[in-house]
Amino acid sequence: MAGEFSRDELSITDACYLPFPRWEDGLQYDWSMILASILGYISIVCLTTHIWRQGSDRMQREETMFVQPMYCGVLLEQSLVLNRRRDEEDTKGRDVKVGAKETELPIPENLEEWQPGEDDWSPLRTEQTPFIYLCATLWHETENEMIQILKSLFRMDDDQCARRNLQLFFGLRDPDYYEFEAHIFFDDAFDYVDGNSVANGYVKQLMRTIDGAISSVHTYGMKIPPPSKIDTPYGGRLIWRLPGGNKMIAHLKDKAKIRHRKRWSQVMYMYYFLAHKLLSMGGSKERIKTIADNTFVLALDGDVDFQPSALRLLIDRMKRNANVGAACGRIHPIGSGPMVWYQKFEYAVSHWLQKATEHVLGCVLCSPGCFSLFRGSALMDDNVMKRYTTPPTEARHYVQYDQGEDRWLCTLLLQQGYRVEYCAASDALTYAPEGFYEFYNQRRRWTPSTMANILDLLLDFRNVTKRNNDISMLYVMYQMLLMISSILTPGTIFLMVLGAINMAYPQLSLYWALVLNLVPVAVFILLCYVAKSDTQLAYAAILSTIYSLVMMLVIVGLIKQAADNGFCSVTTVFLLFVAGVFVISAFIHPQEFWCILHGFLYFLAIPSMSMLLMLYSIGNLHVVSWGTRETPKPAQAQKPGEASKPVEKKGAVAEWLEKIGIADKEGKSGYRFSFGNLFRCVCCPTDTGDTGDMKLSAILDRLDELEAKIVDPPGSHVTGMDFRGEKEVDNKTFSEVSDMFEGAKDRVNPLFEDDAGGPKMNRSWLEDADFKKSAQEYIKPDETKFWVELIASYLFPLEEDKKQQAKTKEELLELRNTVCLFFLLVNALFVTIVFSLQQVNSDSGGSIAIELPCADGAKGEAIEPISIAFTAVFGVLLLIQFLCMCVHRMSTFLQILSITEVNVRSPRQVSSDEREITVEKGLQLVKNMQALKDDDVKSMASVDASVAEGEQRDAEETDVVGQNDGTDPRKNLWAKLARRRREQQYSTLSNNFMRNFKKLQRHMEDTEMSSNMNLTAGNTLRVPAFSFSPTEEDVTERKTVRRKFNRFDWKSVSTIVQMSKDPRIKQSILKRGNVVAKRWQRAALRAKIQNATDGADGGGYAVPRKVTIADIAQLAVVDNESNAPSETESEGEVIQQTTF
């Protein structure tokens, strides 16, 4: 072959020769070839200019982007650019000009028929429009935690309102447009006082925190009207109208009427949204299927904080793959204290490595319920939503179903063939447990549930791999290795501590080191069987502190071993490998880099979190309580004149006794421990008197009193009537369907008995003083029927059955004993085998150990085959996770790049005529226009703000403060200020937008008039040339716009300047804005009058609103103006401000 290449040509066949190019007589250029190459390159660039414009949705699949699935390896770049599809139909609104006729969004035809707040289908919504139900579950959250979720909902409202106004008033099609409803499901929201239901303190705390949450989002004092109140079959409902026009609904659950706990709240909203509201829309099956595919449920906790952009990234995942049933984001724990620091690193490592690996190799096994997006059509699957309503009938069901409901829901989705994905760019914040006890109780729920659901998937791997295309046998084997390593982790940590003690104190034999380590662990296992939970946790806290000191010995031992053997040591190499993986992972996650600082605390807590926590979780497997937020009480508003009670301080010993379970919650025990009494009575019993009999007698008397009231309820209760005061017929009693539920018995509670065909209702919570300002409304009969049937079928509150509870407790104890026996036996065998090998090797002088050969002839580390085998398994798993993390990180980078607008030059360097009006610029402008800031009040002293309102209404308003006779302009100014202050009490984002939109219209009219005057004077209209720097005219106009819109940012000012230079955009703003505003105003007035007339006739479902003659006259004027020709609609009109 070398001889062939030495010739001038290569003979392929007898008649075919391939000549080789050679340079002869120096370097010579063939200008024709060079020119042909340049022209060929230019032609390719001209033919493939469409690749630089985003012509399809973000996160598009490869088969939809390229014509052919393969590429040419020789001409890689050329084949990729020429293979790229050119689809003109999927034009991205981000790169579309506003004024273009072929891309301008038409005004919705059904805008006049739409009733704001009443109709679920808005004029801008299509079958493909994403509709999100934001579902937050609350129970005993603190005020700060409630503010977190409320701020997130108000941000969503602000973002959605901006996207709606952008499309309606500017005609710019937004590809990311969505609609949503916010729902809060309050568990155990009522207390019973003298037989009457009263909203508890947590509900009232939610109402108090709303104003503060709004102010923190909108940066200035903005309030919303009080909520409307509705009595429902499951309890009650409060409905707020948010500043952006969206609804926030709080469902108050009464545990005496509907089953409580988080899983049943999820069942409640799944059936309500996907069975009742979705199916009631009507239409063909294809239409319902399309709407269900684009209907999403965002599961939230009551303390989560997120941005609208995080939800948009999850929706992109759903749009990219129709088979994705759920998607979760990156959860960041917040709080203070060492426990939160530990969880920051733990959450970071689990997301960096574990979730990324699950996403790349197969599917994410758990989409956390604090921030996860679920597809409606996936949840509607019979084997998902129907099976999710299964009540626990066996001991293992309590562990798998109720202790980790989010993981079980994902297990059902995976078994049905749906994919669960992880989006690292979607961030959410949530409060983490700050105390040791609360953290252990939380993980006591999570650990058994995780293992139970993974075991369920592994045992059903044949069916799962057959139905789910994203789960392969390789992924199943990976999960099997993780399961085995998780089971053996406590034994591995036990041996690590044993080796550290032996290395730090070589004079101790291995037997004594084993005894020193085995005794405290054995005591803890014994306490898990016989002691109370508080005692177990107190002992675990003490033992965790001791083990953190032992881990310092491990560090010393590792340093000594590294110094003796250098890199010729498996332990040293493995430790450096693990540390390197964590450090590199932190570097490729720059926003989370500082989490690596908490890695040292994570290292010290390894024995506690990997050994003691596992033992505590398995030993308390029979405990099915929630474990967190069970004891906090809401902050009650102090009554006027009521003095606050001083908090009694406890001594250090009393607090310690309370923690270990010896003292009661008040810090009292049978002995006094204090410094003052130490010499007087060290261990003398406190003579507090035996009040046990007195308390028991008082409790029994109180129970007798309550029973008498329940058996014979007050006559003021409404009986035999439904929620609208009409008779109900053909109602089933709850006792008739009680045989459908495991362990259910006939009720004797009169709240659930029928009298003359209707349930007895208790409306006492509606008469609460905190709800006096709330207007009462009523739900429709079909919804009442739905709730009655749903509660009877799936959410019936089970009556306590002592025999069934005793049986369940025995089954749970038996399950605990079985699992503990297996778990302890496996770890004991593992520890015995490894320890015996170490002991035999020590006694025999290293006969069964393998000494590593070192290149420099130094003494290497001696290793046992079994020990190195388990180290290799852990190392291989970590290596797989690291590689998958790199792959997932690249996909995350591409997703972030797809939503990031890269500006090569700053806005000041590019002329305004060169830039296009994109969706991002339009949204920024609209958000500035609808924002309410303190400058709105201050700007009334300026000339521009003085013409913002109608003169007639100003005169009427100022009569109250002072006569507007023109003699005192200060009175007029203060009158306007007072009116503006009153308007801001219940201001809306749409009102703020309309006020600034009218200013924008006047600015466009001024620029139009100025252009016409220049043309009349004989001046030609100058077309600006391409320039990299703004002209003097641009700078002057920017200053003018800045004075008129003084609180807008620089980008919005530049956008307004650009709009004013395009005649098409100016005409669109002048004409389209007037038409939309009038149609919307007419729809609002018609809805107001219609609701009032319906309520007066007795057929409405809301309290009749007050309608004046002015409203009817205004509607007639708007109707008359709307029938006028469209050419005259934009001439000299003033859009009256209205609430919509």
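**Remarks on the confidence of the model for the chain**
Next up, step 1: In the predicted model, the chain carries a mean pLDDT of 75, and 66% of its residues have values of at least 70.
Next up, step 2: Considering each helix and strand of the chain separately, the mean pLDDT is smallest for helix α30 (residues 943-946), with a value of 36, and largest for strand β13 (residues 371-375), with 96.
Next up, step 3: Contacts from residues 88-102, a stretch scored under 50 in pLDDT, to residues over four places away or in other chains number 38 contacts.

**A closer look at the packing of aromatic side chains**
Next up, step 1: In total, this model carries 35 aromatic pairs according to the counting rule given.
Next up, step 2: Ring geometry for Phe 131 versus Tyr 133: centroids 4.9 Å apart, planes at 65°, classification edge-to-face.
Next up, step 3: Judged by relative accessible area, Phe 131 falls into the buried class, the value being 4%.
Next up, step 4: What makes Tyr 133 buried here is its relative accessible area of 3%.
Next up, step 5: Ring centres 5.4 Å apart and planes at 75° place the aromatic pair Phe 593 and Trp 594 in the edge-to-face group.
Next up, step 6: With a relative accessible area of 60%, Trp 594 lands in the exposed category.
Next up, step 7: A connected cluster of aromatic rings, assembled from ring pairs, spans Phe 131, Tyr 133, Phe 185, Tyr 234, Tyr 269, Tyr 272, Phe 273, Phe 786 and Trp 787.
Next up, step 8: Here Arg 259 stacks its cationic end above the ring of Trp 264, 4.5 Å away from the centre of that ring.
Next up, step 9: Here the basic side chain of Arg 263 rests over the ring of Tyr 388, its NZ or CZ set 5.9 Å away from the ring centre.

**Quick look at the pairing of strand β9 (residues 247-253)**
Next up, step 1: The element β9 is largely enclosed, with a buried count of seven among its seven residues.
Next up, step 2: Both faces of β9 are covered, namely the face carrying Lys 247, Ile 249, His 251 and Lys 253 and the face carrying Met 248, Ala 250 and Leu 252.
Next up, step 3: Sheet analysis places strand β4 (residues 179-186) next to β9, joined by five bridges and oriented parallel. Residue pairing in the sheet places Ile 184 in a bridge with Ala 250 of β9.
Next up, step 4: Relative to β9, strand β8 (residues 235-241) runs antiparallel, the two being bridged by seven bridges. The partner of Arg 241 across the bridge, within β9, is Lys 247.

Cut-offs used in this document
- Residues numbered from 1 in each chain as written.
- Predicted model: local features only at pLDDT ≥ 70, side-chain atom pairs only at ≥ 80, totals over all residues.
- Heavy atoms only, no water.
- pLDDT = per-residue confidence, 0-100.
- Helix = DSSP H or I, 4+ residues; strand = E, 2+ residues; numbered from the N terminus.
- Contact = heavy atoms within 4.5 Å.
- Phe/Tyr/Trp six-rings, centres within 6.5 Å; stacked < 30°, edge-to-face > 60°.
- Buried < 20%, exposed > 50% of the residue type's maximum accessible area, 1.4 Å probe, protein only.
- Lys NZ or Arg CZ within 6 Å of the ring centre and 35° of its normal.
- Pairing = 2+ DSSP bridges.

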